[in-house]
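Analysis of the macromolecular model
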Amino acid sequence: MAPGEPPILRFENVGMRYGMGPEVISDVSFELKRGSFHFVMGESGAGKSTLLKLMYLAHRPTRGIVSVFGHDMSRTPRRALPPLRRRIGVVFQDFRLLDHLSAMENVALPLRVAGSKGEQSRSHVTELMNWVGLAERMKQPPHTLSGGEQQRVAIARAVINRPSLLLADEPTGNVDDRMALRLLYLFEELNKLGTTIVIATHNEGLVARFGHPRLVIRGGTVDVVPGGAGGTG
Amino acid sequence: MRMDVPLADDHASRFLPWLVALLVYLAGLALAATLALQGAVEKWNRELVGTLTVQVGGPGGETLKAGELDQQTAHVAEILGRTPGIASARVLGPEEIAALLAPWLGEGANLKELPLPRLIDVALAPDARIDAQQLTKELSAVASGVNVADHRLWLANLTRLARSIEAISLGVIVFIGFVGVTGVVFVARTGLALHRDTIEVLHLIGARDGYIARQFERHAMMLCLKGGVPAIALAAATVAALDRAGRALGPTRLPARSLQWRQWLALLAVPLVATAIAMITARVAVLRSLARAP
Ligand SMILES: Nc1ncnc2c1ncn2[C@@H]1O[C@H](COP(=O)(O)OP(=O)(O)OP(=O)(O)O)[C@@H](O)[C@H]1O
Ligand SMILES: [Mg+2]
């Protein structure tokens, strides 16, 4: 990327608390460049999901500055959020699929919400469902799918819009190692096409295998650990 | 089409069509009554404005013999014919009087047996100013039991009564609208609370408030049509039945049909107007609630 290009994500002295509770993360500062690939690591309850929620604009920070695509969230009005959110794909830790829609309709939802319609998007959805191996289950509602299948639907929904930023919270938590690898290769492909990727995961083996830099949360603060050996083989 | 927010399954959604049905039915009847009344007043105005009826041999002249009565009536008609401001004066024949009395006595009553006064139909010149009291005094000099009925006074009173009834109907319709709006707001708020998770997901994948509001709007539209269309059909059937019952009573001073086709159209527009109001209400309620979220 060109030097001096603004980061896609910037945290500056960010603190976040839920209600009157203690700060879950404090004094967090880092920048993510466009086209980067990061893993978020940390124990259960360390604040991985909290960090991602700030990135996908579900919460505004209690203090400090979160800036996404160059927009300071403390100064961005509510009505300016939808266009930013459409550039972000999210895989929620608990999937958050809509149960009254079929798997396919769930995947197509970001397209519908963004107002695109027609044949082209439908073929795109089918193609993607094939890719995550759910072509035969397209018409089924999510609650009739296994945990791993639901997870793949959630991933398909997150990437359908070709987001510039993809945030995935434990996207491989419910699938076997082979499928986990397959999904990470999908993310890798998207990254090569220019998507900035942040993945929260417990899976040390997977992280080691891909060797991307890590955001490690410990004691409420975030350390950026540069990528190590491994590569994408 | 399947909706992104599954509002159709809400309990609150089930009661709204019934509420709308009741309200549309009542509003339809109130509107029909108002329109029918307007029609009747218009008809009376058209027929009676610019006319007077002069009666000879009424109260105070019952003792006259038939011959004397006819003679005095002819005299009175002649004077009326010469009076400035009167275009024409015509003595009504026995059949015409019978027709006028039919609503009270029934058809075929034997009027020859009754000591009836004579009636003179007077047409006024346009913009004529006739003092009914003065005219009565003048005519009483040549005949007994004279009475000049000025329909304008009667019409003015009637029109005032009709206006008050209209105002009351309007008040009732406004109240009905208020109840309907409250119901729609309640259903929208319930839906927002019930589907908070779904709405949050839609927001997070980039839905605007307007997109979410549209779902509620469409939902309100379907519920309203579901309740409103059968209700207005029922209201129209009620009006038609009352109409038929009214005609069965025989000739009356009321118009033969209480509603003209234009007014029927206005009646049929009630559920559509109700639906439009419900859609706007749902939209505004949802947008206002969502705007309060962070
Ligand atoms: N909505 C909330 N209200 C109150 N406290 C919360 C809320 N969400 C998270 N927390 C608290 O914030 C802390 C961090 O939670 P978070 O979900 O970010 O952890 P995590 O690292 O994602 O954990 P896991 O690996 O189990 O998913 C926890 O102590 C949790 O109890
Ligand atoms: Mg988590």
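Residues numbered from 1 in each chain as written. Chains lettered and ligands numbered in written order. Predicted model: local features only at pLDDT ≥ 70, side-chain atom pairs only at ≥ 80, totals over all residues. Heavy atoms only, no water.

1. Examining the interface of chain B and chain A
Taken residue by residue, the interface counts 23 residues in chain B and 21 residues in chain A. At the boundary of chain B with chain A, total buried surface from both sides reaches about 2000 Å², with 55% on carbon and sulfur atoms. The tally of links from chain B across to chain A stands at 4 salt bridges. Salt-bridge contacts for glutamate 200 of chain B lead to arginine 96 of chain A; the nearest nitrogen and oxygen are separated by 2.7 Å. Our count for the chain B to chain A interface comes out at 8 residue pairs in polar contact (both at pLDDT 80 or more). Within the residue set of the side of chain B that touches chain A, elements represented by two or more residues are α6 (196–204), α7 (209–248) and α8 (261–292) of chain B. Residue classes in the side of chain B that touches chain A are distributed as 14 nonpolar, 3 polar and 6 charged. (Contact = heavy atoms within 4.5 Å. Buried area = accessible area lost by both parts, 1.4 Å probe. Salt bridge = Lys/Arg side-chain N within 4 Å of Asp/Glu carboxyl O. Polar contact = N/O pair within 3.5 Å; in protein donor to acceptor, adjacent residues only side chain to side chain. Helix = DSSP H or I, 4+ residues; strand = E, 2+ residues; numbered from the N terminus. Nonpolar A, V, L, I, M, F, W, Y, C, P; charged D, E, K, R; others polar.)

2. A short note on the site of ligand 1
Residue and element names in this part refer to chain A. Near ligand 1, the surroundings consist of Tyr18, Val24, Glu43, Ser44, Gly45, Ala46, Gly47, Lys48, Ser49, Thr50, Gln93 and His202. Within the contact set of ligand 1, an oxygen atom lies 2.8 Å away from a backbone nitrogen or oxygen of glycine 45. For ligand 1, an oxygen atom lies 2.7 Å from a polar atom in the side chain of serine 49. When ligand 1 sits alone it has 630 Å² of accessible area, and the protein chains cover 59% of it. (Near = heavy atom within 4 Å. Areas by Shrake-Rupley, 256 points an atom, 1.4 Å probe, with all protein chains shown as cover.)

3. Quick notes on the sheet that holds strand β1 (residues 9–17) of chain A
Spatially, the 4 strands line up as an open sheet ordered β2-β1-β4-β5 (chain A), and their pairing is antiparallel. Pairing within the sheet leaves two strands with one partner each, and these edge strands are β2 (23–32) and β5 (71–72) of chain A. (Pairing = 2+ DSSP bridges.)

4. Some thoughts on the domain arrangement of chain A
By a widely used convention, the size of an interface equals the accessible area lost when the partners come together. Residue and element names in this part refer to chain A. One can read the domain layout of chain A as domain 1 (1–87 + 163–225) and domain 2 (89–162). Spacing between the C-alpha centres of domain 1 and domain 2 amounts to 22 Å. Listed as interface residues are 23 residues of domain 1 and, on the opposing side, 21 residues of domain 2. When the buried surface of domain 1 facing domain 2 is broken down by residue, Arg86, Pro163 and Leu186 rank first, second and third, together holding 28% of it. Linking domain 1 to domain 2 there are 0 salt bridges. At the junction of domain 1 and domain 2, the tally comes to 9 residue pairs in polar contact (both at pLDDT 80 or more). Counting residues per element, the ones that place at least two in the side of domain 1 that touches domain 2 are β7 (165–169) and α6 (177–192). (Domains from an automatic or database assignment.)

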